[in-house]
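Each chain is listed here by its residues.
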Amino acid sequence: SQQGEEDPQALSIQEGENATMNCSYKTSINNLQWYRQNSGRGLVHLILIRSNEREKHSGRLRVTLDTSKKSSSLLITASRAADTASYFCATDLLLTQGGSEKLVFGKGTKLTVNP
Amino acid sequence: GAGVSQSPRYKVAKRGQDVALRCDPISGHVSLFWYQQALGQGPEFLTYFQNEAQLDKSGLPSDRFFAERPEGSVSTLKIQRTQQEDSAVYLCASSLGVKVSYEQYFGPGTRLTVT
């Protein structure tokens, strides 16, 4: 089962526009991460936001986290054709066995940036 | 430096065959994760190693799936008596720390097709 749900499932924009993707999750978390996946580079970590943080920036990326609503958003500003990829949110889930943790990924948002 | 590598990149197996998928993590990374990604879905956790210890295997779909990391570096995911539902991309990831709050570095994946 997947805890995170991204919205929208697919998004198509023109180069230079901003892209916003949302993620909702079900249980309490310690951290939320965003990953990007394209055919050329596989799955790549973009940014991590902790549960006590509300907003984080990294280059053209801005992530917000609202733990009361159990939701996060990823904003990509001034998009480029190279941003075309699937974007996944991933939340940590405490495993009872061994006390270890695992990441639970959503289904992803497929972003297409048209030149 | 070298990233996470996986081999083979593509594997076609006839139903009932056994397959072995290899993962070479980044040198020095303590944690190693295996994920299964079906078409159009996000990665789903299979199992987690901390050094050579398999701390959690709760995501393995059945007892036909077996993973090992005997010397705490290279890992092998073995699937016995493959079934069509095993067709997916199998991703391996490694991270420096033992918590999922550490960034995970993913390999390119092995695409398994069971005919």
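Placed above this text is the structure.
All figures in this text were calculated on a predicted structure; none of them were measured in a lab. (Residues numbered from 1 in each chain as written. Chains lettered and ligands numbered in written order. Predicted model: local features only at pLDDT ≥ 70, side-chain atom pairs only at ≥ 80, totals over all residues. Heavy atoms only, no water.)

Q: Looking at this model, I keep getting lost on the overall build of chain A. Mind explaining?
A: Scanning chain A for helices and strands turns up zero helices and eleven strands. Secondary structure elements of chain A occur, N-terminal to C-terminal, as β-β-β-β-β-β-β-β-β-β-β. Across the 115 residues of chain A, 48% fall into the buried class. A total of about 5,500 Å² of accessible surface is found on chain A, and carbon and sulfur atoms cover 45% of it. (Helix = DSSP H or I, 4+ residues; strand = E, 2+ residues; numbered from the N terminus. Buried < 20%, exposed > 50% of the residue type's maximum accessible area, 1.4 Å probe, protein only. Areas by Shrake-Rupley, 256 points an atom, 1.4 Å probe, with all protein chains shown as cover.)

Q: Teacher, can you tell me more about the sheet that holds strand β8 (residues 75–79) of chain B here?
A: Residue and element names in this part refer to chain B. Taken in spatial order, the four strands make up an open sheet running β1-β3-β8-β7, and their pairing is antiparallel. At either margin of the open sheet sits one strand with a lone partner, and together these are β1 (5–7) and β7 (65–68). Strand-to-strand twist across the sheet, computed as the mean angle between neighbouring axes with direction ignored, equals 15 degrees. Bridge count for strand β3 (residues 19–24) against β8 is five bridges, and the pairing is antiparallel. Bridge pairing in β8 places Cys 23 opposite Ser 75. (Pairing = 2+ DSSP bridges. Axes fitted to C-alpha atoms, helices over the stretch in contact; angles between N-to-C directions.)

Q: Would you mind showing me how to read the pattern of salt bridges here?
A: Side-chain pairs of opposite charge can arise where the charged atoms are in close proximity. One pass over the full model with this rule turns up six salt bridges over all chains. The salt bridge involving Arg 62 of chain A is made with Glu 55 of chain A; its shortest N-O contact spans 3.2 Å. Arg 62 of chain A gets classed as partly exposed once you look at its relative accessible area, which sits at 31%. On the basis of relative accessible area, Glu 55 of chain A is assigned to the partly exposed category, the value being 40%. Here Asp 24 of chain B and Arg 22 of chain B are joined by a salt bridge, their closest N and O atoms 2.7 Å apart. Owing to a relative accessible area of 22%, Asp 24 of chain B belongs among the partly exposed residues under this scheme. (Salt bridge = Lys/Arg side-chain N within 4 Å of Asp/Glu carboxyl O.)

Q: Just to check I follow, could you spell out the sheet that holds strand β7 (residues 61–66) of chain A for this structure?
A: By way of backbone hydrogen bonds, the strands of a sheet pair with one another, either parallel or antiparallel. All names here are of chain A. Ordered in space as β1-β3-β8-β7-β6, the five strands form an open sheet in which the pairing is antiparallel. The outermost strands of the open sheet, each flanked by one partner alone, are β1 (5–7) and β6 (55–58). Averaged over all neighbouring strand pairs, the angle between strand axes comes to 20 degrees, with direction disregarded. Strand direction decides the pairing type here: strand β3 (residues 19–24) and strand β8 (residues 71–76), joined by six bridges, are antiparallel.

Q: What is the right way to read the interface of chain B and chain A from this model?
A: You'll often see interface size given as the accessible area lost when the parts meet. Every contact between the two is made by 21 residues of chain B and, on the other side, 21 residues of chain A. Interface area, chain B with chain A, both sides summed: about 1,800 Å², of which 52% is carbon and sulfur. Linking chain B to chain A there are zero salt bridges. At the boundary of chain B and chain A, one finds two residue pairs in polar contact (both at pLDDT 80 or more). Among the elements of the structure, β4 (31–37), β5 (44–50) and β6 (53–56) of chain B are those that each provide at least two residues to the side of chain B that touches chain A. Class assignment of the residues belonging to the side of chain B that touches chain A gives a composition of ten nonpolar, seven polar and four charged. (Contact = heavy atoms within 4.5 Å. Buried area = accessible area lost by both parts, 1.4 Å probe. Polar contact = N/O pair within 3.5 Å; in protein donor to acceptor, adjacent residues only side chain to side chain. Nonpolar A, V, L, I, M, F, W, Y, C, P; charged D, E, K, R; others polar.)

Q: What is the right way to read the side chain of Asp 56 of chain B from this model?
A: Residues and elements named next belong to chain B. Inspection of the secondary structure puts Asp 56 in strand β6. With a relative accessible area of 2%, Asp 56 lands in the buried category. At 2.5 Å, the side chain of Asp 56 and the side chain of Ser 58 are in polar contact.

Q: Is there a simple way to explain the side chain of Gln 104 of chain B in this structure?
A: By the element assignment, Gln 104 of chain B lies in the loop between β9 (88–95) and β10 (105–106). Residue classification places Gln 104 of chain B among the buried residues on the basis of a relative accessible area of 1%. Engagement of the side chain of Gln 104 of chain B in a polar contact is seen with the side chain of Tyr 35 of chain B, the distance being 2.9 Å. Residues within four places of Gln 104 of chain B in sequence aside, it is in contact with Tyr 35, His 45 and Leu 103 of chain A together with Phe 33, Tyr 35, Ala 93, Ser 94 and Ser 95 of chain B.

Q: Hey, could you run me through the environment of Tyr 10 of chain B in this one?
A: Residues and elements named next belong to chain B. Structurally, Tyr 10 is set in strand β2 (residues 10–13). With a relative accessible area of 58%, Tyr 10 lands in the exposed category. Put simply, Tyr 10 and Thr 110 are 100 residues apart on the chain and 5.4 Å apart in space, counted from C-alpha to C-alpha.

Q: Explanation requested: the environment of Val 63 of chain A in the structure shown.
A: Residue and element names in this part refer to chain A. Structurally, the position occupied by Val 63 is in strand β7. Along the primary structure Val 63 and Glu 5 are separated by 58 residues, whereas in three dimensions their C-alpha atoms are 16 Å apart. In this structure, Val 63 is in contact with Trp 34, Ile 47, Ile 49, Arg 54, Glu 55, Lys 56, Ser 72, Ser 73 and Leu 74, ignoring residues within four places of it in sequence.

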